[in-house]
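# Structure assessment
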Amino acid sequence: MAEIIVVGAGAIGNASAYYLAKSGAKVTVLEKDSCIGNGGSSRNGGGVRQSGRNPAELPPVMYGVRNIWPGLSDELGMDIEYCQEGNLRLGKTEEHLKILRELVRDAEAGGLAMRMVDRAEAREICPFLSDEVAGASWCPTDGHANPLLVTLAFYRAARRLGVDFVTGAEVVSLRKKRSRVVAVVTACGSVYEGDGVLVAAGYGAGKLLRTAGIDVPMAPVLMEMLVTEESPPMFFQMLGAAMSDFYGHQTKHGSFIFGGTHGFEPYTDSSRLTGTSIAASNTCRGVIGYFPVLKDLKILRTWAGVLDDCFDHIPVIDNPVEAPGLTVGCGFSGHGFGLAPVAGLLLSQLALGGSPALPLDRFKYDRFRAKARSGNT
Amino acid sequence: MEIHRKHLSDFLSQPDDAMIICRCEEVTKGEIRAAIHDGMFSIRELRRFLRCGMGLCQGRTCERLVKAILARELNVRPSDLDDASSRAPARPIEMWMMANEVFWHG
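All figures in this text were calculated on a predicted structure; none of them were measured in a lab.

### Here's the deal with the pairing of strand 1 (residues 3–7) of chain A
On a regular strand, one side chain projects to one face of the sheet and the next to the other, so that they alternate. Residues and elements named next belong to chain A. Along strand 1, four of the five residues are buried, which leaves the element largely enclosed by surrounding structure. Sheet analysis places strand 1 next to strand 2 (residues 26–30), joined by five bridges and oriented parallel. Bridge pairing links V7 to L30 in strand 2. Sheet topology note: the strand 1/strand 12 (residues 196–199) ladder contains four bridges and is parallel. Each bridged residue has a counterpart across the sheet, and for I5 the counterpart in strand 12 is V197.

### Some thoughts on the interface of chain B and chain A
Chain B puts 27 residues into the contact, and the matching count from chain A is 38 residues. At the level of elements, strand 1 (3–4), helix 2 (43–50), strand 4 (93–94) and helix 4 (95–99) of chain B are the ones that each hand at least two residues to the side of chain B that touches chain A. Residue classes in the side of chain B that touches chain A are distributed as twelve nonpolar, four polar and eleven charged. Of the pairings in the sheet, the one linking strand 17 (residues 298–310) of chain A to strand 4 of chain B comprises two bridges and is antiparallel in character. Each residue of the ladder has a partner; that of K298 of chain A, found in strand 4 of chain B, is E94 of chain B.

### Points about the domain arrangement of chain A
Residues and elements named next belong to chain A. By domain assignment, chain A separates into domain 1 (3–47 + 148–217 + 312–367) and domain 2 (87–140 + 219–310). Inter-centroid distance (C-alpha atoms) of domain 1 to domain 2 is 29 Å. When the residues that make up the side of domain 1 that touches domain 2 are grouped by side-chain class, the tally is nine nonpolar, eleven polar and two charged.

### Examining the pairing of strand 16 (residues 255–259) of chain A
Residues and elements named next belong to chain A. A large share of strand 16 lies buried, amounting to five of its five residues. Here strand 16 shows a buried face lined by S255, I257 and G259 and a second buried face lined by F256 and F258. Bridge analysis of strand 15 (residues 247–250) against strand 16 gives four bridges, and the strand direction is antiparallel. From the neighbouring strand, Q250 faces strand 16, where its bridge partner is F256. Between strand 15 and strand 16, which pair antiparallel one after the other, the connecting turn spans four residues, and G254 there sits at a positive phi close to 115 degrees.

Calculation criteria
Residues numbered from 1 in each chain as written. Chains lettered and ligands numbered in written order. Predicted model: local features only at pLDDT ≥ 70, side-chain atom pairs only at ≥ 80, totals over all residues. Buried ≥ 20, exposed ≤ 12 C-beta atoms within 10 Å, placed from the backbone. Helix = DSSP H or I, 4+ residues; strand = E, 2+ residues; numbered from the N terminus. Pairing = 2+ DSSP bridges. Contact = placed C-beta atoms within 7 Å. Nonpolar A, V, L, I, M, F, W, Y, C, P; charged D, E, K, R; others polar. Domains from an automatic or database assignment.

Here is the structure:
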């Protein structure tokens, strides 16, 4: 029976642990925090979205939406609040609509059913839109789920399959034996050894992987979200805007979760998970611009999280040839939640040396090539 | 501190399990105890799993009670447990107000 050490107890680490245990492996998950899933897994918008993605991500995310998400509550034995009511990405101006048409064209090229809808049809799908909305892109198979529950559901199910979880265990280095990565060392000096190591540690993976000579070009980016008081059910689509000034949805509980981008993200301090003075008010303006009907809703809480933004904004899902024994899942660049179950499945297959359910060529570590090439003339 | 998450002894019901601990979200003591036996070993996990402390008051009323229940089930001191974090806004605030960009002087 293979023994795998998983670093990181977020949605992807927990999903990996679950699928590894289901395949019969012995698994230990090490988490640096005192709490399970305290990074991006519990700080994101909960989108299970195929539309608006890099074409490289379409095969895995579409696989997840077809084969994993609809049955995930049953599989994990608790309601993870998956809701497949579509994604509307809204536009007001001709410039916005041009961006949306390009998204639709890319999606169609990747085999994803998605189309433009006009003002009237957008309002038919969601009657609460501002009159200023001129059109939208519409992907009916998109949706959302509760990221807090998904993360904990994988943890709970993995634990029931016998996976060991250790919290407060910050892994500081990877250790090789006969050139294979088989062990890790924690900040307390503990050594955990198995037959292989699977790193699913978000931005924190960068520093750790460098101890085995693996350099994934990632930057930390602070993103902020807010949640409102609960409101009677209004609409259940996942929502977004052409310029990404806001995105979000209404949860099963009734509260609305919203995030947004303000344009200064790369220049904020991501070393502390504290909100900036600009993000929440920017998101509110974005939301009210498209949904004036929500302007009196009260905000209960705001929070921040850190993206592991990869150089080309798609993840690494790979066994780097430079480090046998090591399986890497990082650089999800803010798209990790919707991919988490399928990423966990694929990473578990890689860690056990099997063939993954999908080709992973686009997510290989060897795609990063520095500027100067040997033999250049 | 590295903590290996052991499985607790089987969940046994108690006479006051129906008592409401989180008033905003109506979460009972029994639900909290059952979630702890299901592996939720921190205040944050309990919040995210059950919504206790996620309502209008954001846990101002129940957090100490939840912490006491968690400490007792895990057989540790409440001071050994991490708190949930407090976040802005201090009081619920309307979206239009948060959205306001205008500075008012006097």
